[in-house]
Amino acid sequence: MRLMTWNINSLRLRLPLLARLAQAQRPDIICLQETKVPDGLFPAQPLHDLGYVHQHYCGMKGYNGVAILSRHPMTRLEDTPDWCKKSDTRHIGALLETRDGPVTVHDFYVPAGGDIPDPALNEKFAHKLAFLDEVTAWFRNTPPERTILVGDLNIAPLEHDVWSHKQLANTVSHTPPEIERLNHWQRTGFMDAMRLEVPPEEKLYTWWSYRNRDWKASNRGRRLDHIWITPDLRPCLERIEILRDVRDWESPSDHVPVTIDLDLIIS
């Protein structure tokens, strides 16, 4: 089974890029973030034509939005919370039946948090920390099993998840309060699948700012996109790939897709 996660930064704008990716990578499941499209305008038919006949999504105009697209039947999770009571379409989950039992897929878009890393001065940062606290408490009370959690978590937790740990230590996405909370969330029952494949001492990025004219030359990236798995799926992990070249496509997202291959037989 191949799953791909991507902060697409506008689904309708980058639908041709998604089609190109789908044809090249042939993922069974696609998880998207920042779709930026209300449900009534979701491009269901073009995605159906690509083979993703099973679609679960929640979105809003111009902001946020998440979607899980699948070639195989999936059942949407209906009991997920309204995080921070904002109804801002940042999470969707679905259940996939496999030969060895169901697998749960969670797709998250964590708040970015603005620019000032002080919750007293920045409501967006306060929201981000509250969001992380809520999801951690929920997973602690509902311990995950046979679960894949993916998405733009908007935090680069490790030293080599950013181009300069020293220069970014007080920059939102790499501050101690965010990293501490992300680690607490992960410890509710997950493993960092990307770092199982790439050692922590190696640089690893999934996002490069639009502000860098030559993103490849400057390589000032961050690993904001994540794939976590529960330990019971660790024996199934075959491969993780960061599709870095997509950042060079015409009108790209500032994030690149990441794929995970798992030895799972979909029933």
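Quick note: structure is the one above.
Model, not experiment: these values are computed from the prediction.

**Observations regarding the sheet that holds strand β7 (residues 101-109)**
Piece 1. One open sheet accounts for six strands, arranged β5-β6-β7-β8-β12-β9; its pairing is mixed. On the outer flanks of this sheet lie β5 (74-76) and β9 (191-192), each paired with one strand and no other.
Piece 2. Here strand β8 (residues 147-152) pairs with strand β12 (residues 225-229) via five bridges, running antiparallel. Directly across from Gly151, in β12, lies its bridge partner His226.
Piece 3. Each of β7 and β8 is contacted by helix α3 (residues 123-141), which is oriented at about 170 degrees to β7, the strand it contacts most.

**Here we look at the layout of surface pockets**
Piece 1. Roughly 780 Å³ of volume is contained in the largest pocket.
Piece 2. Taken together, 26 residues make up the lining of the largest pocket; nearest its centre are Asp115, Trp207, Ser209, Arg211 and Arg222.
Piece 3. By volume, the second largest pocket is sized at about 280 Å³.
Piece 4. Asn64, Lys86, Asp88, Arg90, Tyr109, Pro111, Ala112, Gly113, Gly114, Glu123, Lys124 and His127 together form the lining of the second largest pocket.
Piece 5. Ranked by residues supplied to the lining of the second largest pocket, first place goes to α3 with three residues.
Piece 6. Residues that form the lining of the second largest pocket fall into these classes: three nonpolar, four polar and five charged.

**Some thoughts on the sheet that holds strand β4 (residues 63-70)**
Piece 1. If you walk across this open sheet you meet the six strands as β3-β4-β2-β1-β14-β13, and the pairing is mixed. One side of each edge strand has no neighbouring strand; the edge strands of this open sheet are β3 (54-60) and β13 (237-242). Ignoring strand direction, the axes of neighbouring strands in this sheet form an average angle of 10 degrees.
Piece 2. Here strand β2 (residues 29-33) pairs with β4 via five bridges, running antiparallel. When the sheet's bridge partners are listed, Cys31 is paired in β4 with Ile68.
Piece 3. Together, β1 (2-7), β2, β4, β13 and β14 (258-262) form the strand contacts of helix α1 (residues 15-25), whose direction differs from that of β1 by roughly 160 degrees.

**Quick look at the pairing of strand β6 (residues 91-98)**
Piece 1. Burial of β6 is extensive: six of the eight residues sit out of reach of the surface.
Piece 2. When β5 meets β6, the two strands line up antiparallel, connected through three bridges. In the sheet register, Thr75 faces β6, and the bridge partner there is Leu95.
Piece 3. Alignment of β6 against β7, held across eight bridges, turns out to be antiparallel. Each bridged residue has a counterpart across the sheet, and for Leu95 the counterpart in β7 is Thr104.
Piece 4. Between β6 and β7, which pair antiparallel and follow one another directly, the connecting turn spans two residues.

**Details of the packing of α3 against helix α5 (residues 176-186)**
Piece 1. Direction vectors running N to C along α3 and α5 enclose 15 degrees, while the axes themselves pass 9 Å from each other. Between α3 and α5, the angle falls in the class roughly parallel. You can see that α3 and α5 cross each other, and the crossing is left-handed. Here Phe125, Lys128, Leu129, Leu132, Asp133, Val135, Thr136 and Phe139 of α3 come into contact with α5, specifically with Pro177, Glu178, Arg181, His184 and Trp185.
Piece 2. Across the contact of α3 with α5, the residue classes tally to seven nonpolar, two polar and four charged.

Analysis parameters
Residues numbered from 1 in each chain as written. Predicted model: local features only at pLDDT ≥ 70, side-chain atom pairs only at ≥ 80, totals over all residues. Heavy atoms only, no water. Pairing = 2+ DSSP bridges. Helix = DSSP H or I, 4+ residues; strand = E, 2+ residues; numbered from the N terminus. Contact = heavy atoms within 4.5 Å. Axes fitted to C-alpha atoms, helices over the stretch in contact; angles between N-to-C directions. 1 Å grid on protein atoms, 1.4 Å probe; cavity = no way out; pocket = protein on both sides within 12 Å on 5 of 7 lines; lining within 4 Å. Points joined across faces, edges and corners; volume = space filled by probe spheres on them. Nonpolar A, V, L, I, M, F, W, Y, C, P; charged D, E, K, R; others polar. Buried < 20%, exposed > 50% of the residue type's maximum accessible area, 1.4 Å probe, protein only. Parallel < 35°, antiparallel > 145°, perpendicular 65-115°, else oblique. Left-handed = near helix turned anticlockwise from the far one by under 90°.

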